[in-house]
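Understanding the architecture of this molecule
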Amino acid sequence: MSGTERITTARLGTNGPEVGIQGLGAMGMSEFYGDTDEAAARDTLDAALEAGVTLIDTADVYGRGANEEFLAPFVAAHRDEITLATKFSIIRTDDPHYRGVRNDPAYIKSAVENSLRRLGVDVIDLYYMHRRDPAVPFAESVGAMAELVHEGKIKHLGLSEVTGPELREAHAVHPIAALQSEWSLFSRDVERSAVGAAAELGVAVVPYSPLGRGFLTGAFADAAKDLQEDDFRRSQPRFSGDNARRNAALLEPVHTIAAAHGVTAAQVALAWVHHRSAVHGLTVVPIPGTRRRSRLLENTAATWITLTEAELALLEPIAARVAGDRYPDMSLTSAARES
Ligand SMILES: NC(=O)c1ccc[n+]([C@@H]2O[C@H](COP(=O)([O-])OP(=O)(O)OC[C@H]3O[C@@H](n4cnc5c(N)ncnc54)[C@H](OP(=O)(O)O)[C@@H]3O)[C@@H](O)[C@H]2O)c1
């Protein structure tokens, strides 16, 4: 199947927007994954639209506002063709490793104004709480997000890295269209409680880092050698030293299946994430991040791959064998509130 054919669509949540079944993560276009070629990144955005990729994902924290500003001209040119998703709550300082969280209503009200201004829009289609601060009553934060809907500043609510019980609590305050959490062949803790709750509530799951931040493509057996000095992944446990070597060995079945289908490891990894939709009975719209047209087309072409039961069985044990956590500090993740 040619990657230029438009991908199919799905609805986020019961009353949410209809989007291409695969979205695009724009984070790496501004920060975290080494140097970006701006012209190539803009060409990738154009390729996304041509392929039917309409869910464009950013956050106020990516590049500390720079990623939203980078997207603004593209958004202005294609406002009605895309579903624009951004996020609030992560606080940064000049210390590149620092991460704080703010969920209080006053903060949410100011954060949305800043995102609207940087994106150059009147309304955000999908507004996510990026991380939860358990010190703030959840109903209060979600209630503040719901007020933004009534004020016409956002259209739909999303949550990132919440547990199943938290998703239920939020959904009782206001319908949640999408849960964005890490979900890939390497990261399956979201299946503990959140996926089941999402399926029951009719909330779509938007898997982030579906390529394991690139590791599942087979490109990073040795982070010290393969990654630029300022690449954020150098600090990720799974990319470091012995863990990286052990994790690279886990990709053997991915490569075997890729060869059998005549596709790439990245495409097998994405096909596995798309297949979660059938396994768990819910809408799944992964948002792989790329800054290159060729990879965008490679990734959308993965939506047409069907893995056999035998292949799925080969991939099943991988996640449990992965060496290293998803983050150096897991305290802000949903997993930290489930163990
Ligand atoms: N909610 C959250 O807390 C959270 C956290 C992290 C990310 N996100 C969102 O999720 C999006 C995706 O996650 P991610 O970017 O972290 O990880 P990802 O999608 O798993 O992987 C991205 C990496 O894979 C590379 N890549 C993409 N397609 C490829 C292909 N076909 N072949 C080889 N390499 C390929 C990219 O490089 P090139 O760019 O050079 O192609 C990049 O280095 C982000 O952009 C962001 O919007 C959300």
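Everything that follows concerns the structure shown earlier in this document.
Residues numbered from 1 in each chain as written. Predicted model: local features only at pLDDT ≥ 70, side-chain atom pairs only at ≥ 80, totals over all residues.

Comments concerning the pairing of strand 9 (residues 154–160)
Test applied: Counting other C-beta atoms within 10 Å of a residue's own tells you its class, since 20 or more makes it buried, 12 or fewer makes it exposed, and anything in between is partly exposed; those C-beta atoms are placed from the backbone. Strands are runs of DSSP state E lasting at least two residues, helices are runs of H or I lasting at least four, and both sets are numbered from the N terminus onward. By the convention used here, strands pair only if DSSP detects at least 2 bridges between them. Here the term right-handed applies to a crossover when the path leading from its first strand over the helix to its second strand runs clockwise, the strands being oriented away from the viewer.
With six of seven residues buried, strand 9 is to be regarded as a mostly interior element. Here strand 8 (residues 124–129) runs beside strand 9; their pairing, made up of five bridges, is parallel. Counterpart to Tyr 127 in the pairing with strand 9 is Leu 157. In this fold, the crossover linking strand 8 to strand 9 by way of helix 4 (residues 138–150) has right-handed handedness. Relative to strand 10 (residues 176–182), strand 9 runs parallel, the two sharing four bridges. The residue bridging Leu 159 from the neighbouring strand is Leu 179, located in strand 10. The handedness of the strand 9 to strand 10 crossover, carried by helix 5 (residues 164–173), is right-handed.

Topic: the sheet that holds strand 9
Counted only if it meets this: By definition, residues are in contact whenever their C-beta atoms, placed on the basis of the backbone, come within 7 Å of each other. With axes taken as lines fitted to C-alpha atoms, and helix axes fitted only over the stretch in contact, angles between N-to-C directions fall between 0 and 180 degrees.
Judged by pairing direction, the sheet is parallel, and its seven strands sit side by side in the order 3-4-5-8-9-10-11 without closing on themselves. One side of each edge strand has no neighbouring strand; the edge strands of this open sheet are strand 3 (24–25) and strand 11 (204–208). Here two bridges tie strand 3 to strand 4 (residues 55–57), and the two strands are oriented parallel to one another. The residue bridging Gly 25 from the neighbouring strand is Asp 57, located in strand 4. The strands that helix 3 (residues 105–119) touches are strand 5 (83–88), strand 8 and strand 9; relative to strand 5, the one it contacts most, it runs at about 140 degrees.

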